[in-house]
Amino acid sequence: AQGWLTRATIQQVRGAFGEAMESCRPLERLAGELVATACWAGGASMSGQAEASYERLRDALARQRGASPGVRQWVLTSLAEMAGRQGKSRLAEAHFKEALAAAEPDAYLKGAYADFLLDEGRDAEVAALLKSEIRADGLLLRLALAEAALKQPRAREHAEALEARFYASRLRGDSLHRREEARFTLHLLKRPHAALRLAQENWAVHREPWDARIYLEAALAARQPDAARPVLDWLDENRVEDVRLASLAR
């Protein structure tokens, strides 16, 4: 089961949603309805079935009262992200809070909830949530973004730490954090052209909503909307339903 789930996750990260959904098929036999539905909904929600996949996953969770805390947290996080992409902020927050309470939150959940709060303009809550999270680059980035918005003195220190980490990553030939580096370069360094180059490099490998978003944001900030054509085509081809991406695309 873990092999099929990991395969589906990799395919979804690369934007191959149809392939990801196919990889989820064996999971109903191997891992049960809830895990299989959560796997399927990840791809379906990004390919023209946003509302249907949300409802199907929500109903599957309601039927599985005995799900483990870890599985329950994963499913609730997925529901929160789906609701957020549909512009249902109150519903998304309710799911995020349930997920945080279900089990000890991992870095992914903390990052996703921090992104939600940043979009809501609730920077002080992000700073409080992540005040001790300085080891993981992604969480430190979100903390620095919140601190910069709040004009807190530690924002500069954390931005310098991130710059050093991204530089070291490049020296190692590590390209796993291009999305975060693009966000850092655009929103903290205020260098849109460099951010656009990073977003383009990232897009060659990673094609999820945030990868599309930072690409569109950087293209707009650099005043190069034509550079965003690969993302615009991808949004149309996959029938992606995401209110924020739709706004940026317009």
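Details of the structure are given in the entry above.
Residues numbered from 1 in each chain as written. Predicted model: local features only at pLDDT ≥ 70, side-chain atom pairs only at ≥ 80, totals over all residues. Heavy atoms only, no water.

This part takes up unusual backbone geometry. The residue K190 is not glycine, and still its phi comes out positive at about 60 degrees. Examined against the element boundaries, K190 turns out to sit in the loop between α12 (178-187) and α13 (192-203). What makes K190 exposed here is its relative accessible area of 60%. A positive phi angle, close to 55 degrees, is found at R239, a residue other than glycine. Residue placement: R239 occurs in the loop between α15 (229-238) and α16 (243-249). Here R239 falls in the exposed class, since its relative accessible area comes to 52%. (Helix = DSSP H or I, 4+ residues; strand = E, 2+ residues; numbered from the N terminus. Buried < 20%, exposed > 50% of the residue type's maximum accessible area, 1.4 Å probe, protein only.)

Before going further, it helps to spend a moment on the packing of helix α11 (residues 154-171) against α12. Look at α11 against α12: their axes get within 11 Å of each other, and the N-to-C directions meet at 140 degrees. Taken together, the axes of α11 and α12 lie oblique to each other. By crossing handedness, the relation of α11 to α12 is classed as left-handed. From α11, A159, L162, E163, F166 and R170 reach across to α12, where they touch R178, E180, E181 and F184. A breakdown of the residues in the contact of α11 with α12 according to their chemical character gives 4 nonpolar, no polar and 5 charged. (Axes fitted to C-alpha atoms, helices over the stretch in contact; angles between N-to-C directions. Parallel < 35°, antiparallel > 145°, perpendicular 65-115°, else oblique. Left-handed = near helix turned anticlockwise from the far one by under 90°. Contact = heavy atoms within 4.5 Å. Nonpolar A, V, L, I, M, F, W, Y, C, P; charged D, E, K, R; others polar.)

Enumeration according to the criterion identifies 7 aromatic pairs in this entry. With a centroid separation of 6.2 Å and 10 degrees between ring planes, the pair formed by Y113 and F116 is classed as stacked. Of this pair, Y113 and F116 are both found in helix α8 (residues 107-119), 3 residues apart, which corresponds to roughly one turn of the helix. Ring-pair connections join several aromatic residues into one group, and the members of that group are F17, W203, Y215 and W234. Over the aromatic face of W40 sits the side chain of R56, whose NZ or CZ is 4.1 Å from the ring centroid. The ring of W210 has R183 sitting right over it, with the charged end atom 3.8 Å from the ring centre. (Phe/Tyr/Trp six-rings, centres within 6.5 Å; stacked < 30°, edge-to-face > 60°. Lys NZ or Arg CZ within 6 Å of the ring centre and 35° of its normal.)

With that settled, consider the environment of E181. By the secondary structure assignment, E181 is in helix α12. In the structure, E181 is positioned 153 residues away from E28 in sequence and 37 Å away in space, judged by C-alpha atoms. Beyond its immediate sequence surroundings of up to four residues, E181 is in contact with F166, R170 and L198.

Here helix α1 (residues 2-13) spans 16 Å end to end across 12 residues, near enough to the 16 Å set by a 1.5 Å rise per residue. Buried within α1 are the following residues: L5, A8, Q11 and Q12. What you see down the axis of α1 is that its buried residues fit within an arc of 125 degrees, all on one side. In α1, the exposed positions that point more than 90 degrees away from the buried face belong to Q2 and G3. Looking one or two residues past α1, G15 carries a phi angle of roughly 80 degrees, positive in sign. (Expected span 1.5 Å × (residues − 1). Arc of directions from axis to C-beta.)

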